[in-house]
Amino acid sequence: MRDDTIFAVASGAGRAAVAVLRVSGADSGRQLTALAGPLPPARRASVRRLRHAAMELDRALVLWLPGPGSYTGEDCAELHLHGGRAVLEGVAEALVALGARPAEPGEFTRRAFLNGRMDLVAAEAVADLVEAETSAQLAQALRQMDGALGAIYRDWAERLRVLLAEQEALIDFPDEDLPADMAARGDADMAALRREIAAHLDDGRRGERLREGLVFAMTGPPNVGKSSLVNALAEREVAIVAATPGTTRDALETRVVLGGVPVTLVDTAGLRETEDAVEAEGVRRARVRAADADLVVEVASADFPASWPGVSRPSLPPAAATDGRDTPSHNGGTVAVFNKIDLGADVPAGAIGVSARTGAGLDALRDRLVAAARALTERAGPPPLTRARHRAALQETESHLARATDADLPELMAEDLRLALRALGRITGQVGVEDLLDTIFSRFCIGK
Ligand SMILES: Nc1nc2c(ncn2[C@@H]2O[C@H](COP(=O)(O)OP(=O)(O)OP(=O)(O)O)[C@@H](O)[C@H]2O)c(=O)[nH]1
Ligand SMILES: [Mg+2]
């Protein structure tokens, strides 16, 4: 499979002035010659007529990118074609006739990994870079692609290898003159390694949250203006607003960008006891969404009636006191918002006073949400953990290290260190990842 030559349009789908088609594989030089004539100088763009079976296909900019210095490490060619459908189909058919086949999603990057051009962490960053929607996501993906994150994992693996080698020396040469302090130093090194891994794991999921985006849920009693506020923050009419309490039933989602972080705002049904089965289901979903959210925006309003069935007038809590509440947020925290200040009531202490109607206070609310989005995702210092896959492998590493620390016999300690090293090596792809590759690369787009 790896010997065949693959191709894909690497530029976006749809009509465009120029489409970039990439070819990779041992046969790409011959195929490029067949289409465009003698190979141009390596890595220099030249304009060529492309022909196949006596048909002129396009006049295109062609590049010859011989391996191993190419993206995939194989011989590659790039054709900058006119972006029309007929051109693309013609060139694709010609390449198939010459023996190439269309690439699978992520297959170029997969080959780059298999040929040692990048480790798995960098390869995953390529996918993140393609998917990045915001500047903060872009910065994180670039840093990861540059190898900053992979370097941390490789450094840990290297230190583990040293610890393992020392253990094996103790096993193989118990009576030799090994340095007297070797065992003690090994223990100290292992403790330091465990501390670093634990600190990396205990990062509030900042990197993962930035990669995946945050979820902020609007909750509160009916009719306080939750939907109006979602519309105001999203700057479009996402949700229906009406004077009837119980208007919103389904949880409605809309994407906004706050401080460079993608945030899904969830508008939810007003919380109250109700006989209406549909509304009750909406209330149940509202509670679930609030419980899972990274941040809960609790809305109350100036005209909140004192005695609606099943609801009592809320006394707004200070933002931190969320424990044991109706809608706990185990992740982020709570922002208290008091809407309809245009009606003239006093804003309770700790709440942000706003009016969805006049726009008063909305800037302050937005600033507060931006600050929350940043606090949940930003981290000074070394690059953060970005994926659940890495987290799982590190947790496994850490649990093997814990067992190694407690091991009585050098043989047992060595075995636990070996298992720890294997778990760690799976992150960067240094060991045993064949079974993982399909999962990782199938999520890429075609042409990457
Ligand atoms: N005076 C005033 N009225 C508002 C304000 N914001 C919303 N309203 C009105 O309050 C009513 C309810 O607004 P919604 O946004 O539908 O409230 P909700 O919290 O989503 O209500 P449910 O979906 O029923 O839970 C509508 O008539 C809005 O026009 C405000 O700032 N000032
Ligand atoms: Mg609503």
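Residues numbered from 1 in each chain as written. Chains lettered and ligands numbered in written order. Predicted model: local features only at pLDDT ≥ 70, side-chain atom pairs only at ≥ 80, totals over all residues. Heavy atoms only, no water.

So, on to the overall build of the protein chain. A count of helices and strands for the protein chain gives 14 helices and twelve strands. For the C-alpha atoms alone, the extent of the protein chain along its principal axes is close to 80 × 80 × 35 Å. A buried classification covers 47% of the 448 residues belonging to the protein chain. Look at the contacts in the protein chain between residues 6 or more apart in sequence, and 65% of them connect residues 24 or more apart. (Helix = DSSP H or I, 4+ residues; strand = E, 2+ residues; numbered from the N terminus. Buried < 20%, exposed > 50% of the residue type's maximum accessible area, 1.4 Å probe, protein only. Contact = heavy atoms within 4.5 Å.)

This part takes up helix 6 (residues 148-172). Between its first and last C-alpha atoms helix 6 spans 36 Å; for 25 residues at 1.5 Å apiece the expected length is 36 Å, and the two agree. The set of residues buried in helix 6 consists of L149, G150, I152, Y153, W156, A157, L160, L163, L164, E166, Q167 and A169. As for helix 6, its buried residues are in contact with helix 4 (120-131), helix 5 (135-145), helix 7 (182-201), helix 12 (388-406) and helix 13 (410-428). (Expected span 1.5 Å × (residues − 1).)

Donor atoms from the polypeptide that bind the magnesium ion (ligand 2) are S227 (OG) and T248 (OG1), placed at 2.0 Å. Highlighted residues: S227 in helix 9 (residues 226-234) and T248 in the loop between helix 9 and strand 8 (252-258), separated in sequence by 21 residues. The exposure class assigned to T248 is buried, which follows from its relative accessible area of 10%. (Donors = N, O, S within 2.8 Å, 3.2 Å for Na, K, Ca; no water.)

Take the sheet that holds strand 8 next. Working definition: the strands of a sheet are paired by backbone hydrogen bonds and lie parallel or antiparallel to each other. Spatially, the six strands line up as an open sheet ordered 8-9-7-10-11-12, and their pairing is mixed. Looking at which strands have only one partner, the edges of the open sheet turn out to be strand 8 and strand 12 (352-353). Note: strand 10 (residues 295-301) against strand 11 (residues 334-339), six bridges, orientation parallel. Residue pairing for strand 11: S301 is matched across the bridge by N339. The strands that helix 11 (residues 362-377) touches are strand 7 (214-219), strand 8, strand 9 (261-267), strand 10, strand 11 and strand 12; relative to strand 7, the one it contacts most, it runs at about 140°. (Pairing = 2+ DSSP bridges. Axes fitted to C-alpha atoms, helices over the stretch in contact; angles between N-to-C directions.)

Now for the packing of aromatic side chains. Taken as a whole, this structure holds one aromatic pair when the rule is applied. Taking the centre distance of 5.9 Å and the plane angle of 50° together, the rings of Y153 and W156 count as tilted. Of the two residues, Y153 and W156 both sit in helix 6, three residues apart, roughly one turn of that helix. In this structure, Y153 and W156 share a single accessibility class: buried. (Phe/Tyr/Trp six-rings, centres within 6.5 Å; stacked < 30°, edge-to-face > 60°.)

On to the nonpolar core, then. With 29 residues, the main nonpolar core has F216, L229, L258, V263, L365 and L369 as its most contacted residues. Those elements that provide at least two residues to this core are strand 7, helix 9, strand 8, strand 9, strand 10, strand 11 and helix 11. Beyond its immediate chain neighbours, meaning those up to four positions away, L258 contacts F216, V263, R366, L369, V370 and A373. By size, the runner-up hydrophobic cluster in this structure holds 25 residues, among which are L149, L164, L424 and I427. (Core = buried A, V, L, I, M, F, W, Y, C linked by side-chain atoms within 4.5 Å.)

Structurally, R426 is set in helix 13. The class for R426 is partly exposed, based on a relative accessible area of 23%. It is 7.2 Å that separates the C-alpha atoms of R426 and A393, two residues lying 33 residues apart in sequence.

Our next topic: the domain arrangement of the protein chain. Accessible area lost during the coming together of the parts is what is often quoted as the interface size. You can read the domains of the protein chain as domain 1 (6-117), domain 2 (135-176 + 387-443) and domain 3 (209-377). The centre of domain 1, based on its C-alpha atoms, is set 38 Å off from the matching centre of domain 2. Taken together, the six residues of domain 1 in the interface contact eight residues of domain 2. Where domain 1 abuts domain 2, roughly 580 Å² becomes buried across the two surfaces, and 65% of that area is made up of carbon and sulfur atoms. Sorting the residues of domain 1 by area buried against domain 2 places P105, R110 and F113 first, and these three jointly supply 80% of that buried surface. On the surface where domain 1 and domain 2 come into contact, there are zero residue pairs in polar contact (both at pLDDT 80 or more). Of the residues belonging to the side of domain 1 that touches domain 2, the class tally is three nonpolar, two polar and one charged. (Domains from an automatic or database assignment. Buried area = accessible area lost by both parts, 1.4 Å probe. Polar contact = N/O pair within 3.5 Å; in protein donor to acceptor, adjacent residues only side chain to side chain. Nonpolar A, V, L, I, M, F, W, Y, C, P; charged D, E, K, R; others polar.)

The next subject is the packing of helix 9 against helix 11. Where helix 9 contacts helix 11, the axes come no closer than 11 Å and their chain directions differ by 75°. The angle between the axes of helix 9 and helix 11 places the two elements in the roughly perpendicular class. Residues L229, A232 and L233 of helix 9 touch helix 11, and the partners they reach there are L362, L365, R366 and L369. Class assignment for the residues of the contact of helix 9 with helix 11 results in six nonpolar, no polar and one charged. (Parallel < 35°, antiparallel > 145°, perpendicular 65-115°, else oblique.)

Now for the sheet that holds strand 3 (residues 46-52). Read across the sheet, six strands follow the order 3-4-5-2-1-6 without closing on themselves; strand pairing throughout is mixed. With one partner strand each, in any of the chains shown, strand 3 and strand 6 (101-102) form the two edges of the open sheet. Note: strand 4 (residues 55-65) against strand 5 (residues 76-82), five bridges, orientation antiparallel. Looking across to strand 5, one finds that W64 is bridged to A77.

A word on the pairing of strand 7. Buried residues dominate strand 7, accounting for five of its six residues. Relative to strand 9, strand 7 runs parallel, the two being bridged by five bridges. By the bridge assignment for strand 9, F216 is matched with L265. Taken together, the four bridges between strand 7 and strand 10 define a ladder with parallel strand orientation. Among the inter-strand pairings, T219 is bridged to a residue of strand 10, identified as E298.

On to the site of ligand 1, then. Taken together, 23 residues form the shell around ligand 1, and within it K226, S228, G246, T248 and D342 come nearest. Interatomic distance of 2.9 Å between a backbone N/O atom of G225 and an oxygen atom of ligand 1. Between S355 and ligand 1, the recorded distance is 3.2 Å, taken from a side-chain N or O atom to an oxygen atom. Notes on ligand 1: free accessible area 650 Å², of which the protein chains cover 92%. Looking at the shell around ligand 1 element by element, the count peaks at three residues for helix 9. (Near = heavy atom within 4 Å. Areas by Shrake-Rupley, 256 points an atom, 1.4 Å probe, with all protein chains shown as cover.)

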